[in-house]
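Structural features, examined
Spelled out, the chains give:
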Amino acid sequence: MGNWLFKSEPEVFSYADLEGEKKKTTHWEGVRNYQARNMLRDQIKLGDRVFFYHSNCPEPGIVGIAEVVKEGYPDHTAFDAKARYYDEKSVADKPRWYMVDIRAVRALQRVIPLSELKAQEKLDGLALIRRGNRLSVLPVSDAHWQEILALEPVA
DNA sequence: GCCAACGTTGGC
DNA sequence: GCCAACGTTGGC
């Protein structure tokens, strides 16, 4: 089973928004980066776990857990000329962009802030805290997943 | 294929 | 708002 971290700007789509969706499920649309696309299309599998991360906000950090309920399929929002994520170079018979569906599992008891993740020696190598990594979809190793969850309990 | 210009991400 | 770190684009 794979572990991932998905970034979202809470002003655009927050973890609470995910919980408010029908069946607490959404399609992870709008990823327009080839590395992230490859993960969505090829590597992210049904049942994989996802940390939901809030970026570009007062307290960036991990706020919840979701799971993959549908594997990679074409991101149809790229086909719609009126949609925010329209890409004229992606067409239905040769889609350029992919997405998966995720469902909310639970909110964390507290936000685990980026600053705290950075301070953990045990999380060395975590893609999120490697210099300059701006991908919105990132892998998380089993060991790192466990280490992060171990940070959750409130003292 | 190189590389400068430009746009975006996202922490601070 | 600033700016570092990328990714993309397009001229050559």
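These remarks concern the structure in this document.

With that out of the way, let us pick up the nonpolar core. Core analysis: the largest hydrophobic core is formed by 40 residues, its most contacted members being F6, W28, I44, I102 and V137. The element contributing the most residues to this core is strand β5 (residues 98-113), with six residues. Not counting the four nearest positions on each side in its chain, I102 is found in contact with F6, L18, K24, T25, T26, W28, V50, F52, A66, E67, V68 and V69.

A few words now on helix α4 (residues 142-150). When α4 is considered as a whole, its buried residues turn out to be H144, W145 and I148. The arc that holds every buried residue of α4, seen down its axis, measures 105°, which confines them to one face. Close packing links the buried residues of α4 with β1 (3-8), β3 (49-54), β4 (61-74), β5, α3 (114-119) and β6 (137-140).

Another point: the pairing of β1. Taken across its six residues, β1 has six buried, putting it largely inside the fold. Here β1 shows two buried faces, one formed by N3, L5 and K7 and the other by W4, F6 and S8.

Trans is the prevailing form of peptide bonds, just as negative phi is the prevailing case for residues other than glycine. Within the chain, K24 stands out as a residue other than glycine whose phi angle is a positive 55°. By secondary structure assignment, the location of K24 is in the loop between α1 (15-20) and β2 (25-27). Under the relative-accessibility criterion, K24 is labelled partly exposed at 39%. Residue N56 is not a glycine yet carries a positive backbone phi of 55°. Within the element layout of this structure, N56 appears in the loop between β3 and β4.

In this fold, A78 is placed in the loop between β4 and β5. In this structure, the C-alpha to C-alpha distance between A78 and Y98, residues 20 residues apart in sequence, is 9.2 Å.

Turning to the layout of surface pockets, a few remarks are in order. Its volume calculated, the largest pocket comes out at about 450 Å³. Along the wall of the largest pocket there are 15 residues; nearest its centre are K7, S8, V12, E29 and Y85. Mapped onto the lining of the largest pocket, the elements with two or more residues apiece are β1 and β2. Of the residues belonging to the lining of the largest pocket, the class tally is five nonpolar, six polar and four charged. Here the second largest pocket is characterised by a volume of approximately 170 Å³. Taken together, V31, R32, N33, Q35, N133, R134, L135 and S136 make up the lining of the second largest pocket. Of the residues that constitute the lining of the second largest pocket, the class distribution is two nonpolar, four polar and two charged.

Turning our attention to the sheet that holds β3. One open sheet holds the six strands; their spatial order is β2-β5-β4-β3-β1-β6, and the pairing between them is mixed. Each having just a single partner strand, β2 and β6 make up the two edges of the open sheet. Along the sheet, successive strands turn relative to each other by an average axial angle of 35°, direction set aside. Bridging between β2 and β5 involves three bridges; their strand directions are antiparallel. Each residue of the ladder has a partner; that of T25, found in β5, is R103. Along the sheet, helix α2 (residues 34-43) contacts β1, β4, β5 and β6; its crossing angle with β5, the most-contacted strand, is approximately 105°. Set on the sheet, α4 makes contact with β1, β3, β4, β5 and β6; between it and β3 the angle comes to about 55°.

Cut-offs applied
- Residues numbered from 1 in each chain as written.
- Chains lettered and ligands numbered in written order.
- Predicted model: local features only at pLDDT ≥ 70, side-chain atom pairs only at ≥ 80, totals over all residues.
- Heavy atoms only, no water.
- Core = buried A, V, L, I, M, F, W, Y, C linked by side-chain atoms within 4.5 Å.
- Buried < 20%, exposed > 50% of the residue type's maximum accessible area, 1.4 Å probe, protein only.
- Helix = DSSP H or I, 4+ residues; strand = E, 2+ residues; numbered from the N terminus.
- Contact = heavy atoms within 4.5 Å.
- Arc of directions from axis to C-beta.
- 1 Å grid on protein atoms, 1.4 Å probe; cavity = no way out; pocket = protein on both sides within 12 Å on 5 of 7 lines; lining within 4 Å.
- Points joined across faces, edges and corners; volume = space filled by probe spheres on them.
- Nonpolar A, V, L, I, M, F, W, Y, C, P; charged D, E, K, R; others polar.
- Pairing = 2+ DSSP bridges.
- Axes fitted to C-alpha atoms, helices over the stretch in contact; angles between N-to-C directions.

None of this, on its own, says anything about what the molecule does.
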